[in-house]
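# Architecture and fold: a report
Here is what each chain is made of, one letter per residue.
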Amino acid sequence: MADNLPSEFDVIVIGTGLPESIIAAACSRSGQRVLHVDSRSYYGGNWASFSFSGLLSWLKEHQENSDIVNECPAWQEKILENEEAIALSKKDKTIQHVEVFCYARYESQDLHEDVEEAGALQKNHATVTSVNSTEAADPACLPIADESLSTVSCEMPTEPTPSSNPESAREVNDVEAAGEKENPCDEKTCVLSTSEEETRKNVPTTEDTAEQPKKNRITYSQIVKEGRRFNIDLVSKLLYSRGLLIDLLIKSNVSRYAEFKNITRILAFRDGRVEQVPCSRADVFNSKQLTMVEKRMLMKFLTFCMEYEEHPDEYKAYEEISFSEYLKTQKLTPNLQYFVLHSIAMTSETASSTIDGLKATRNFLHCLGRYGNTPFLFPLYGQGELPQCFCRMCAVFGGIYCLRHSVQCLVVDKESGKCKAIIDHFGQRIISKHFLVEDSYFSENTCSRVQYRQISRAVLITDRSVLKTDSDQQISILTVPAEEPGASAVRVIELCSSTMTCMKGTYLVHLTCTSAKTAREDLEPVVQKLFTPYTETEIENEEVEKPRLLWALYFNMRDSSDISRNSYNDLPPNVYVCSGPDCGLGNDNAVKQAEALFQQVCPNEDFCPPPPNPEDIILDGDSSQPEALESSATPEANSETLKESGNLGNSEEPSE
């Protein structure tokens, strides 16, 4: 079955996380022959997004800790005398300490059959042992997984079909290219509108239920039935409006494959209550939380932070102390110090230096106003859309994709010490010049000297926002400071239904921090401060102060970022390591890593240059045309595309 797969490529990328997908797109754009494989049945790796039933299937997979595909027993026989093999791991060990809690009622008489079809877990207040899918959900677990290949020109490559059939997987590129020619329609919106239309066809609406007085009576059966409304990210991040990823999306024109929403508010947690933080000039002067004197203090300090490098005398003497100590030396009230430290700079109270804090504050202010009154954007349908956007770009320029395609080993030439090929689970040897491998694919032998950090994650489904306002379509970020010295602050991102990540009448809440213990031990205290478990007693009391918690997932994820290549054992020089998600809020680390590795693979090549506009291509070789193309494909021109595709110019109106 794999005999039809080409036997030689310029670049082989193993894993479909964000860094790998960016590199694959960049290499394909520069003319390299790219093979992009993943042993998983979905795109994104630990950057993926799942529907609710898809997430339960993912949990079951990790609970069973089973191989995604069976190992080919004869691959060792294919290693020649002058070669040696670096075996790759068949199990994903990046997720640990998974615990699931369901607090919502389960009405089996109403939705028994639907629950089974969705592959849902049975209600159990204990741990992940309750995960028991009666039937595996859609393997791709993505919003538009049911679309056929004939509509590939209007969607990202999320179908599970190519992965289950390697022969058809290799045809994706041809279909992509044909679709691009046949359908030059509004690409900026067709990706998401297709998914939206599909969702409307398959998911019963809850609009009537949401408008009734008993809208808070959400059951577990409802969540399962509306499971396709959810797009739950494994990693919780936002995009800085002037960050590296937004710049790359605009420059490469990949932004036309996705849509974005502006984060509407920034919150703070003080003295047991949640309050909104004024961050823009208009917010500061309209705020009722600050006195007139405080408003002037804050504006003066923020103005200084924007140009602090021009006034070294005002901070040089404080470079050796923490940013929190530096703030105490400024003319700021304790109230303002708290807002600046935890909600604007978003830095550690003890670990961040004065320079780190000033840089973070300036970056925050620099990003204000580009697409709204906060610095952050969120991709509709979840963070998992972003790797797929770059995968589509790679496929359009000739990359070949195979999901559920396991690689048994890397083949290394003993004489040169370089990697020369891979052997896949069909036993086929595929030759390449360069190999980029996601960290999770390396075996324990390769990673025996690597010291990994861990990220604690929690995903919650709640019935209302942590800070109730007139609008129920708020997208918020909140930082809860650490109570104990040396502990990490917890970042909370709350998403409403207009982000296309949860059903109407609910909110999807992500909690993230650097691990000290298990995820539940790290994050449950914060959950208890912000939310109330959804119980029968609380349902009867309509005036509950805190939002009700319907469902919760805790897990620890490996943080493989910033690990030196020298920490891995015996890696050939043409094998490059791509790390998984880091604990940071933005995606700059992934973009920097992708660009650095691309420059090693393709030195002196432009990193993801703008593609030519198909309508402007002149086949008769008009010499004046390239200049016109170059000028029309500048980042500034494409920024209008990003605004248009994501409705970013009007952040107050939810996308329909």
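Residues numbered from 1 in each chain as written. Predicted model: local features only at pLDDT ≥ 70, side-chain atom pairs only at ≥ 80, totals over all residues. Heavy atoms only, no water.

## Structural notes on the side chain of aspartate 522
Within the fold, aspartate 522 resides in helix α17 (residues 519-530). Buried and unpaired, aspartate 522 has no salt bridge, with lysine 517 as the nearest side chain of opposite charge at 6.1 Å. A distance of 3.0 Å separates a polar side-chain atom of aspartate 522 from the backbone nitrogen of alanine 516. (Helix = DSSP H or I, 4+ residues; strand = E, 2+ residues; numbered from the N terminus. Buried < 20%, exposed > 50% of the residue type's maximum accessible area, 1.4 Å probe, protein only. Lys, Arg positive; Asp, Glu negative; His and termini not counted. Salt bridge = Lys/Arg side-chain N within 4 Å of Asp/Glu carboxyl O. Polar contact = N/O pair within 3.5 Å; in protein donor to acceptor, adjacent residues only side chain to side chain.)

## Things to note about the sheet that holds strand β8 (residues 260-262)
Strand-to-strand pairing in sheets goes through backbone hydrogen bonds, with the strands running parallel or antiparallel. With antiparallel pairing, three strands are arranged side by side in an open sheet as β7-β11-β8. Lying at the two open borders of the sheet, with one neighbouring strand each, are β7 (239-240) and β8. As defined by bridge partners, β7 adjoins strand β11 (residues 376-379) across two bridges and the pair is classed as antiparallel. In the sheet register, tyrosine 240 faces β11, and the bridge partner there is phenylalanine 376. (Pairing = 2+ DSSP bridges.)

## Things to note about the side chain of asparagine 556
Residue placement: asparagine 556 occurs in strand β21 (residues 548-559). In this structure asparagine 556 comes out as buried when scored by relative accessible area, which is 2%. Within the structure, asparagine 556 has its side chain in polar contact with the side chain of serine 456 (distance 3.2 Å).

## A few points about the packing of aromatic side chains
Enumeration according to the criterion identifies 17 aromatic pairs in this entry. A ring pair is formed by tryptophan 58 and phenylalanine 555, whose centres lie 5.8 Å apart and whose planes are at 70 degrees; its orientation type is edge-to-face. One end of the pair, tryptophan 58, is in helix α2 (residues 52-64); the other, phenylalanine 555, is in strand β21, with 497 residues separating them in the sequence. Relative to phenylalanine 376, the ring of phenylalanine 364 lies with its centre 6.2 Å away and its plane at 75 degrees, an arrangement referred to as edge-to-face. With phenylalanine 364 in helix α15 (residues 354-367) and phenylalanine 376 in strand β11, the pair connects residues that are 12 residues apart, well separated along the chain. Like phenylalanine 364, the residue phenylalanine 376 is buried in the burial classification. Each residue in the set Tyr42, Phe50, Trp58 and Phe555 is aromatic and connected to the rest through ring pairs, giving one cluster. Arginine 270 extends its terminal NZ or CZ atom over the ring of tyrosine 338, reaching a point 4.9 Å from the ring centre. Its guanidinium or amino end placed over the ring of tyrosine 452, arginine 558 lies 4.1 Å from that ring's centre, counting from NZ or CZ. (Phe/Tyr/Trp six-rings, centres within 6.5 Å; stacked < 30°, edge-to-face > 60°. Lys NZ or Arg CZ within 6 Å of the ring centre and 35° of its normal.)

## What to know about the pairing of β11
Side-chain alternation along β11 places Phe376 and Phe378 on one buried face and Leu377 and Pro379 on a second face that is also buried. Both β8 and β11 contribute to a ladder of three bridges, which runs antiparallel. Note on β11: the bridge partner recorded for lysine 261 is phenylalanine 378.

## Considerations on the packing of helix α14 (residues 334-344) against α15
Two elements in contact, α14 and α15, have axes separated by 10 Å at closest approach and are oriented at 75 degrees. Judged on the interaxial angle alone, α15 and α14 are roughly perpendicular. Contacts between α14 and α15 involve Val340, Ser343 and Ile344 on the former and, on the latter, Ala360, Thr361 and Phe364. (Axes fitted to C-alpha atoms, helices over the stretch in contact; angles between N-to-C directions. Parallel < 35°, antiparallel > 145°, perpendicular 65-115°, else oblique. Contact = heavy atoms within 4.5 Å.)

## Overview of the environment of cysteine 502
Note that cysteine 502 resides in the loop between β18 (490-495) and β19 (507-514). Note: C-alpha distance between cysteine 502 and arginine 228 (274 residues apart in sequence) is 8.5 Å. Aside from chain neighbours lying at most four places away, what touches cysteine 502 is Arg229, Phe230, Leu495, Cys496, Ser497, Tyr507 and Leu508.

## Thoughts on α14
Where burial is concerned, most of α14 is hidden: 10 out of the 11 residues are buried. Buried within α14 we find Asn335, Leu336, Gln337, Tyr338, Phe339, Val340, Leu341, His342, Ser343 and Ile344. Elements that come into contact with the buried residues of α14 comprise β9 (265-270), β10 (273-276), α12 (292-306), α13 (323-329), α15 and β17 (476-480). Among the residues trailing α14, methionine 346 stands out with phi positive, at a value near 55 degrees.

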